[in-house]
There are 2 protein chains.
Amino acid sequence: MKTISTLDHLARNTGNRSRRPLAIALLLTIATALATAVAAAQEKPITLKEMGSFHVGGRLVEISGKPIKEVTFSPGGVPAKVDPNGTYQVEQMYVQYFIPQKRRGALPLLLWHGGGLTGVTYETTPDGREGWLNYFLRLGWSTYNSDAVERGRAGWAQYPDIFKGDPVFLTVANPFERFRIGAGEGSYSSDPAKRKVLPGDQFPVEAYGNFVKQTVPRWTTTDDATIAAYIAEVDRVCPCVILFHSQAGQFGFKVAQARPERVKALIAVEPAGLGDPAKVAALKDVPTLMVFGDFIEQDSRWPKIRQNALEFADKIKAAGGHVDVINLPKIGIKGNSHMMMMDKNNLEVAAVIQKWLAGNGLYH
Amino acid sequence: MKTISTLDHLARNTGNRSRRPLAIALLLTIATALATAVAAAQEKPITLKEMGSFHVGGRLVEISGKPIKEVTFSPGGVPAKVDPNGTYQVEQMYVQYFIPQKRRGALPLLLWHGGGLTGVTYETTPDGREGWLNYFLRLGWSTYNSDAVERGRAGWAQYPDIFKGDPVFLTVANPFERFRIGAGEGSYSSDPAKRKVLPGDQFPVEAYGNFVKQTVPRWTTTDDATIAAYIAEVDRVCPCVILFHSQAGQFGFKVAQARPERVKALIAVEPAGLGDPAKVAALKDVPTLMVFGDFIEQDSRWPKIRQNALEFADKIKAAGGHVDVINLPKIGIKGNSHMMMMDKNNLEVAAVIQKWLAGNGLYH
């Protein structure tokens, strides 16, 4: 299993693999320059042609045979009868969009968050810096940030009547130990001074408490509903580019497999789930970038998660598709956690993605 | 019980109560002109100095004595141990802010949604028009739109371990019959042609299904936590003006009673809950506007809800405070449902609020 990166492509394009160090230096220089330019651009206003939101997808479900309740919604208010029997709207998702006045992205850019999270993932970082939403918006991308089914502003449905299974709640310690912020199991402590942070980790650990406030309950039994809603979003918004993270790995690839004519590029940021291996041919005309951060080898789960992703990438390539894989440390960008869109060098990582998009003719 | 409106103030300021019809005509003309100006302004870009989000408030809670689970978060992924024992972050809230390049509002404007809803209330209307968020932003208000504790991007906590009581889910029919869109109980039908809409109702009934997608589960047992988080928001963002709707009636008034020095004006849009009657004196320097829509007299619950609000207003006034009450039909703005920020004349209603803010020296 070999990791193919844009660097390899750069090297191949120059016709000489020995030029790879030069290609690395070049890409890094571009990324750094872009990051610096964006830092300067943050002083400038964001000028929007339009901003708004909508819900999309979902279905109606009947509930019957339950007793009527009387509910006083506000203290001192007037009681109202609430009949729990009837029709419920469930499994829709929420999308918030920002259209820049000067569009430079060739297509809308959809941002899909990971498990136990919402679109807040791409907004302001836990320590108050600009996130990827503002980054791509400032560069002129029409950006659609969303909350998947059962997360955030999408709402959630009663269980076990409608959703099967129980929701999963994460402790404060869990993401710290699982997202390559701390050094694995047992690395979290309620005393910040005693937390075992991975040396050189770029996550803003001083604001870890704010990150935990972004986490929301999740189910592990709602994947089909989530995919259906994402397809509804794609049918409404696309052709487009989809950038997705972690759990949304399976959603990004499966939705692209369902709508290959509408999805013009995929950016898989540490995908923890993948598409249907039997349908990789559907992805052959969808250029794809996979990005992985640092500390993977020393983690208990991430070597296998990445390996799964690379094998899926190989299957796409064997079917005639094109997948670039960037392992950030290999191009000199070190210290990235699983939440690289929040890391201190988040705009440097975004610049690598922007460069890839431009290289694929999706930016003018 | 007498309803005091800005019209009475206009009339009083002219020194002659008989000029009230003139004052009505004047206010309506101004409101209509403002609405027209805003419609034209929608063609113009929205220029932001800054946009972003944060979570605020909440507390840590310990859970113990539960078995460890193994969870596979994504199909084909690598199972992870999830120990449900430990510390949980709960009861924070979510705030998204937009700072216009050219600020004309004297203070930040906070928008607080009602029960079973999120900040989406103030975004694009269910039928795709601009909502009050864009309206006030375009007029130059720094606008902070939020999801209260347990709603939307704020997340929610396990029950009954942390939240006491069960969540309440609303059927598709419930808000239609309760929010003065349909003509009360039994007015909803799954067949849109058979729905009994109140004659002249301004709610965009053709997009009612999209509105229902905005509703989220809610508790009736989280008021104290919600107030604590709103106070944390006020401590971070204010001095400010707070505009609140329905359930947030109690939150707006109680938070202002807790932080009267930070809250410079209140706009209560059909408040369904109220402040502490024993602490009305705290509100004497907080100018307040109450706005009510149409069809109240013919509803089974709204006469009493409004009566409670008017009695609370009288108590504030008796303590030396200042409350204006606008019943929209009395100033010629007819057909408004409980969700007036989404109604077809939503910008006309917003213009009445804007006029009141300007009249109170909060706009330049």
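Below is a summary of the structure that appears in this document. Every residue gets a number counted from 1 within its own chain, in the order that chain's sequence is written. Lettering for chains starts from A, numbering for ligands starts from 1, and both go in the order in which the items are written. Totals for whole chains, interfaces and linings use every residue, but because this is a predicted model, local features are given only for residues with pLDDT of at least 70 and side-chain atom pairs only at 80 or more, for both listing and counting. The side-chain numbers reported here are obtained from all heavy atoms of the structure, hydrogens and water having been left aside.

Helix and strand counts for chain A come out as nine helices and 10 strands. Partly exposed residues are those whose accessible area sits between 20% and 50% of the maximum for their type, while under 20% is buried and over 50% is exposed, using a 1.4 Å probe and protein chains only. For chain A, the residues scored as buried account for 63% of the 364 residues in total. Looking at chain A alone, contacts between residues at least 24 apart form 74% of all its contacts between residues at least 6 apart. Carbon and sulfur atoms make up 53% of the accessible area of chain A, which totals about 13000 Å². Segments assigned H or I by DSSP are reported as helices when at least four residues long, segments assigned E as strands when at least two residues long, and all are numbered from the N terminus. Should any heavy atoms of two residues lie within 4.5 Å, those residues are counted as being in contact. Per-residue and other accessible areas were derived by the Shrake-Rupley procedure at a 1.4 Å probe size, with only the shown protein chains allowed to occlude residues.

A separate point is helix H6 (residues 223–237) of chain A. In an α-helix there are 3.6 residues to a turn, and that puts residues three or four apart on one side. To estimate how far a helix should extend, the number of its residues minus one is multiplied by 1.5 Å. Here H6(A) is 15 residues long and its end C-alpha atoms lie 21 Å apart, about the 21 Å a rise of 1.5 Å per residue gives. Taken as a whole, H6(A) has its buried residues at Asp223(A), Ala225(A), Thr226(A), Ile227(A), Ala229(A), Tyr230(A), Ile231(A), Glu233(A), Val234(A) and Val237(A).

Taken together, the contact pairs 81 residues of chain B with 81 residues of chain A. Using a 1.4 Å probe, buried area is obtained as the accessible area two parts lose upon being combined, added over both of them. Across the interface of chain B and chain A, roughly 6300 Å² is buried in total on both sides, 57% from carbon and sulfur atoms. The salt bridge criterion pairs a side-chain nitrogen of Lys or Arg with a carboxyl oxygen of Asp or Glu, the two atoms within 4 Å. Where chain B meets chain A, there are four salt bridges. Residues Asp147(B) and Arg153(A) are paired through a salt bridge, measuring 2.9 Å at the closest nitrogen-oxygen approach. Here a polar contact is recorded for every N or O atom pair within 3.5 Å, except that within protein the pair must consist of a potential hydrogen donor and a potential acceptor, and residues adjacent in sequence are included only if both atoms are side-chain atoms. In this structure, the connection of chain B to chain A is made through 28 residue pairs in polar contact (both at pLDDT 80 or more). Looking at the side of chain B that touches chain A, the elements with two or more residues in it are strand S1 (46–63), strand S3 (80–82), strand S4 (86–100), helix H3 (132–138), strand S6 (143–147), helix H4 (173–178), helix H5 (208–214) and helix H8 (302–318) of chain B. Among the elements that line the side of chain B that touches chain A, the one with the most residues is S1(B), at 10 residues.

Let us now look at the packing of aromatic side chains. All names here are of chain B. Paired rings are identified among Phe, Tyr and Trp, the last through its six-membered ring, by centres lying within 6.5 Å, and are further divided according to the angle between planes into stacked (under 30 degrees), edge-to-face (over 60) and tilted (the rest). The full count for this structure, using the stated rule, is 48 aromatic pairs over all chains. Where Phe 176 meets Tyr 188, the ring centres are 5.3 Å apart and the plane angle is 70°; that geometry is what we call edge-to-face. Note that Phe 176 is positioned in helix H4 and Tyr 188 in the loop between H4 and H5, a separation of 12 residues in sequence. Looking at Phe 176, the relative accessible area reads 0%, which means it is buried. Aromatic pair Tyr 188 and Tyr 208: ring centres 5.9 Å apart, planes at 50°, arrangement tilted. Remark: Tyr 208 occurs in helix H5 and Tyr 188 occurs in the loop between H4 and H5; sequence separation between them is 20 residues. Tyr 208 carries the same exposure label as Tyr 188, and that label is buried.

Let us now look at the relation of the copies chain B and chain A. The atoms used to superpose the copies are C-alpha atoms, taken from residues with pLDDT of at least 70 in both, and the fit is least squares. With an axial shift of 0.0 Å and an RMSD of 0.0 Å, the rotation relating chain B to chain A amounts to 180°. Look at the turn and shift together and you get a two-fold axis relating the two. Most of the interface of chain B is mirrored in chain A, where 100% of its interface residues are also at the interface.

This part covers the state of the cysteines. Residue and element names in this part refer to chain B. By convention in this document, the label disulfide applies to cysteine sulfur atom pairs within 2.5 Å. On inspection of all chains with the given rule, the structure shows two disulfides over all chains. At a sulfur-sulfur separation of 2.2 Å, the disulfide partner of Cys 238 is Cys 240. Torsion about the S-S bond of the Cys 238 and Cys 240 cystine: about 70°, corresponding to right-handed handedness. Since its relative accessible area comes to 7%, Cys 238 is described here as buried. Take Cys 240: its relative accessible area is 0%, and that puts it in the buried class.

All names here are of chain B. For Thr 222, the position within the fold is in the loop between H5 and helix H6 (223–237). By relative accessible area, which is 5% here, Thr 222 ends up buried. Other than its neighbours up to four places away in sequence, Thr 222 contacts Glu 150 and Phe 163.

Residue and element names in this part refer to chain B. As enumerated under the stated definition, the model contains 28 salt bridges over all chains in all. The salt bridge involving Arg 306 is made with Glu 297; its shortest N-O contact spans 3.0 Å. Note on Arg 306: relative accessible area 14%, which makes it buried. On the basis of relative accessibility, which here comes to 60%, the residue Glu 297 falls in the exposed class.

Residue and element names in this part refer to chain B. Counted at 1.5 Å a residue, the expected span for H8 with its 17 residues is 24 Å, and the 24 Å between its end C-alpha atoms agrees. Those residues of H8 that are buried are in contact with H4, helix H7 (248–258), strand S9 (288–292) and strand S10 (323–327). Of the residues trailing H8, Gly 320 is marked for its positive phi of about 100°.

Let us look at the environment of Lys66(A). Residues and elements named next belong to chain A. Among the structural elements, Lys 66 can be located in the loop between strand S1 (46–63) and strand S2 (69–71). Taking the C-alpha atoms as reference, Lys 66 lies 9.6 Å from Gly 86; in sequence the two are 20 residues apart. Dropping the residues within four chain positions of it, Lys 66 is found in contact with Pro 84, Asn 85 and Asp 161. Of note is the side chain of Lys 66, whose polar atom sits 2.9 Å from the side chain of Asp 161.

That's the geometry; what it means functionally is another story.
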